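Chain residues, written in single-letter form:
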Amino acid sequence: MTISLCMITKNEEDFIKACLESIKDHVNEIIIVDTGSTDNTCSIALSYGAKIYHQPWEDDFSKARNFGIEKAKGDWILYLDADETLDNSESLQTLIMKAEEDIDGYLFQILNYSDENLTQIENSVSLRLFRNKSELRFFGAIHEQLPIKDTFLAMTDFTIHHYGYIPSVSLAKKKSERNLEILQKEIEKNVGDGFLYYNLASEYARLHQFDKAITYYIEALNRVDGETGYESRAYKMLGLSLLQIKQWEQCTNYLTKGIRKFSDYPDLYYIRALCFEAEGKWNEAIIDLLQCLTMDALPTDENKIYVTEEGITNYKAFYNLGRIYEKLEKIQAALTAYTRAFKVNPRYKAAFMSIKKWVPNDQKHLLEFLNEKVFHENKLVEKIVYVQALFEWKEYDLVIELMKDNPKKDEQGNYLLGMSYFMIHQFEEGTPYLSKVRKGQQRYEEVLPYLASSLWITNRIQKAKKLLSACSSPGKHYHHMADIFLTIGIENLQEGLKKYPDSTLLQKEYERIKRVRADGRNHSPA
């Protein structure tokens, strides 16, 4: 059994390499329908052995996708967008080899990232792998679909990461403007199609034009029929849009109506809780958040699969409970809720900062609290996940205190401890840990310029030179060291300006070194 990857592209050089890397060894051919790229998209695709067909863009996604399918020779069709990557692609062949005869397609989980830090995630499912049958072709000019009934579909554990709705990406591609134009044309042809109104509303919501979004979500809900799959999310997005423009009463009314139809959809309770909180209806908000905590993230009763925001049934619900308890001056309850949020998601910075706010304001008490309430049995395996997050949040002193007395430090532990000492300019203390990250280990190339800088600063210049001369790219690392030294200078000048804010000499030197660093970064070696 063979698989053809089919894609349509236009100016995707920033994404297509990661996409093809995630799948290249596990499909039998790659079919690219390019609709007018003027960048390096096609040359990158060719380097992966892709067959490229050039087609003019005709405001019709189905037409472009179907053109690619007609060129495909595989028994199965996998389709991805260039701004997506696929996890566990090595298991695709096993999946299709075991496929039952009556299964025509497989659903994959989609993680849609909608913020620059990749922390705002909406979970959905999408039909992405299907048999290459002549009757299975896409329809719909936009948000195209396949004519496969649910009874012939099966869910899988495969996950696709979608980066196209990150605001900077969507804005650069002018996705919403393109989609609005297509949708408006399609509505003129199909005035009664609620799915088109739903998608039109979603584009306006993405552009923060909430008044228009609300109008079209209501139009979409007015056109619901028994076969509609968008209705539950239309209630959710309508509620969010009304929340944005502070129409509290309308928001709770529509969400309550949605809950009557979709009582197992956690997002509706969560958004209603936010609305109740905005109105100062604390008890009602608490009840809805507690309801979220009793629900699974992707309920499937009666074959319903909802589009749901990550964290709504656990850490985000706990965090918002904490915020409400804080407003009610129930500080211990708030601290408990924040702690549970942080335990569920160690990378949830808002929860940690709220803990830090209410634990007595010194490092000793915070460490005691974390060891007692968050970590289990003081194990390094348990701590390292949290410590990684603390490092990213520049909580370097905490990282050092949590890690320095643990004798079983692996590469990651040595990296975090050594780099934390470096970042607070304790170079002598950090050098032994940076030195333990060995050549050939994953972090070595990243650590090397910091280790050499530490040696240089602590007057072990010949050792630093010897270390750099033995690496494959000494010029690149010397350049990075120069950037590190300039950054240390900038940080020291910032400290000086805090003490002497009226010093024109310090200010001029601060601005000069910033310019030198910026110029260096603009001319960094490849």
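For the structure, check the block above.
Everything numeric here is computed off the predicted structure, so don't read it as measured data.

Next up on the list: the overall build of the chain. Scanning the chain for helices and strands turns up 24 helices and nine strands. Within the chain, the fraction of its 526 residues that count as buried is 50%. At a minimum sequence separation of 6, the contacts of the chain that also span at least 24 residues come to 63%. By element, 49% of the accessible surface of the chain is carried by carbon and sulfur atoms, the whole surface being about 26600 Å². Looking at the chain, you have 67 positive and 77 negative side-chain charges, and the mean spots of the two groups are 6 Å apart.

Turning next to helix 9 (residues 231–244). Helix length check: helix 9, at 14 residues, gives a terminal C-alpha distance of 20 Å against a target of 20 Å (1.5 Å per residue), a fit within 8%. Counting buried positions along helix 9 yields twelve of 14 residues, so the element is predominantly enclosed. On its buried side, helix 9 packs onto strand 7 (121–131), helix 7 (194–206), helix 8 (210–222), helix 10 (248–261), helix 11 (266–279) and strand 9 (308–309). Of the residues flanking the end of helix 9, it is Lys246, one or two places downstream, whose phi is positive at about 65°.

Grouped together as the largest cluster of nonpolar side chains are 109 residues, with contacts concentrated most on Tyr217, Phe342 and Ile355. What Tyr217 contacts, discounting residues up to four positions off in sequence, is Tyr198, Ala201, Ser202, Ala205, Ala234, Met237, Leu238 and Ser241. Within the second largest apolar cluster, 33 residues are counted, among which are Ile30, Ala45, Ala154 and Phe158.

So, how was this worked out
Residues numbered from 1 in each chain as written. Predicted model: local features only at pLDDT ≥ 70, side-chain atom pairs only at ≥ 80, totals over all residues. Heavy atoms only, no water. Helix = DSSP H or I, 4+ residues; strand = E, 2+ residues; numbered from the N terminus. Buried < 20%, exposed > 50% of the residue type's maximum accessible area, 1.4 Å probe, protein only. Contact = heavy atoms within 4.5 Å. Areas by Shrake-Rupley, 256 points an atom, 1.4 Å probe, with all protein chains shown as cover. Lys, Arg positive; Asp, Glu negative; His and termini not counted. Charge placed at Lys NZ, Arg CZ, Asp CG, Glu CD. Expected span 1.5 Å × (residues − 1). Core = buried A, V, L, I, M, F, W, Y, C linked by side-chain atoms within 4.5 Å.

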